[in-house]
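# Descriptive analysis of the structure
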Amino acid sequence: MQIPVCDIDARGRDVRFDLEHGQAVQAASSVLEAPVSALVAELHFSAQGTRVQVEGTVDAQAPRVCERCGEDMVLRVHAPVELVYVPEAQQADQDRDLQAEELDIGWYADGVIDPVDVLSEALALALPERVACDTVACDTRTHDLLAARGQAGDPAHSAFAALKHLT
């Protein structure tokens, strides 16, 4: 699905995705690296000339494995969406440094913007740095795993142990 930017009137245009939208589900599954089990995205597109502002929310979840303790978990992503797009022709010249206000701008081509691409970008920006359970049980399991390897709080196994003789 693509939206011609010239068709976005003064009221803007609303796009909603859920599990019934195959392309959106496929894009979200790709970003979350697992088949999504829940998806709701409500995006409002508004335009001022060729500049397109997208606001709304994304909610998605998918089964994952905790990167700390290795247990199965559900990754939940809930985030506001605030994105700006301009035509590719207005993109920064590659021979100059970008200004701070240009760092958060995306581009669209041929006068159309793809809401599925916007969904993918919004989810990618909302992903946590590390997929982890964030529960007390996860802390306990991680501590037990490290203890089994002899690394739980043991200063002899510190990453900086090799530097100890320098003091």
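For clarity, every value in this text was computed on a predicted model and none was experimentally measured.

### Description of the overall build of the protein chain
- The helix and strand inventory of the protein chain stands at 3 helices and 7 strands.
- Taken from the N to the C terminus, the helices and strands of the protein chain come in the order β-β-α-β-β-β-β-β-α-α.
- Split into buried and exposed, the 167 residues of the protein chain put 34% on the buried side.
- When the accessible surface of the protein chain is totalled, it reaches about 10900 Å², and 49% of it is carbon and sulfur.

### Structural notes on the pairing of strand S4 (residues 51-65)
- Pairing geometry for strand S3 (residues 38-48) and S4, over 11 bridges, is antiparallel. Considered in S4, the bridge of Val40 is made with Asp59.
- Linking S3 to S4, which pair antiparallel, is a turn of 2 residues; within it Gly49 sits at a positive phi near 65°.
- Where S4 lies against strand S5 (residues 72-87), 14 bridges are found, and the strand directions are antiparallel. Paired with Val52 across the two strands is Tyr85, which belongs to S5.
- Counted between consecutive antiparallel strands, the loop separating S4 from S5 contains 6 residues, among which Gly70 sits at a positive phi close to 85°.

### Remarks on the confidence of the model for the protein chain
- Scored by pLDDT, the protein chain comes out at a mean of 85, with 83% of its residues at no less than 70.
- In the model of the protein chain, helix H3 (residues 136-148) stands out as the element of lowest mean pLDDT, 74, in contrast to helix H1 (residues 22-32), which has the highest, 97.

### Thoughts on the pattern of salt bridges
- What the rule picks out here adds up to 5 salt bridges.
- In this structure, the salt-bridge partner of Asp9 is Arg11, at a minimum N-O distance of 3.0 Å.
- Among the residues examined, Arg11 registers a relative accessible area of 70% and is labelled exposed.
- Shared partners join several salt bridges into a network, and the residues in it are Arg16, Asp18 and Glu42.

### A closer look at the nonpolar core
- By size, the foremost hydrophobic cluster in this structure holds 42 residues, and its most contacted members are Phe45, Val52, Val54 and Ile113.
- Of all the secondary-structure elements, those providing two or more residues to this core are strand S2 (13-18), H1, S3, S4, S5 and helix H2 (115-126).
- The dominant element in this core, judged by the number of residues it contributes, is S5, at 7 residues.
- When residues no more than four places from it in sequence are discounted, the contact partners of Phe45 are Ile3, Ile8, Gly12, Arg13, Val15, Val52, Gln53, Val54, Ile113, Pro115 and Val118.

### Regarding the sheet that holds strand S6 (residues 105-108)
- Spatial strand order, S2-S3-S4-S5-S6: 5 strands in an open sheet with mixed pairing. Across the chains shown, the open sheet's two edge strands, defined by having one partner strand only, are S2 and S6. Direction aside, neighbouring strands of the sheet carry axes that sit 30° apart on average.
- Across the sheet, H1 touches S2, S3, S4 and S5, and the angle it forms with S4 is around 65°.
- Strands in contact with H2 are S2, S3, S4 and S5; relative to S5, the strand with the most contacts, it is inclined by about 125°.

The rules behind these values
- Chains are numbered independently. Their residues run from 1 in the order of the written sequence.
- Given that the model is predicted, a residue must reach a pLDDT of at least 70 before its local features are reported, and side-chain atom pairs must reach 80 or more before they are shown or counted; all residues, however, enter totals for whole chains, interfaces and linings.
- Only heavy atoms go into the side-chain values, all of them from the structure, while hydrogens and water stay out.
- Starting at the N terminus, helices and strands are each numbered in turn, a helix being any DSSP run of H or I of at least four residues and a strand any DSSP run of E of at least two.
- The buried label applies to any residue whose accessible area, calculated with a 1.4 Å probe on protein chains only, is under 20% of its type's maximum; exposed applies above 50%, and partly exposed to all values in between.
- Each accessible area value is a Shrake-Rupley result obtained with a 1.4 Å probe; residue values ignore everything except the protein chains displayed when judging cover.
- Pairing between strands is defined by DSSP: at least two bridges between them are needed.
- Per residue, pLDDT captures the predictor's confidence, and it can take any value from 0 to 100.
- We define a salt bridge as a contact between a side-chain nitrogen of Lys or Arg and a carboxyl oxygen of Asp or Glu at a distance within 4 Å.
- What is meant by a nonpolar core is a set of buried Ala, Val, Leu, Ile, Met, Phe, Trp, Tyr and Cys residues, joined one to another through side-chain atoms within 4.5 Å.
- The contact criterion used throughout is that any non-hydrogen atoms of two residues lie within 4.5 Å.
- Fitting a line to C-alpha atoms yields each axis, with helices limited to the stretch in contact; the angle taken between N-to-C directions then spans 0 to 180 degrees.

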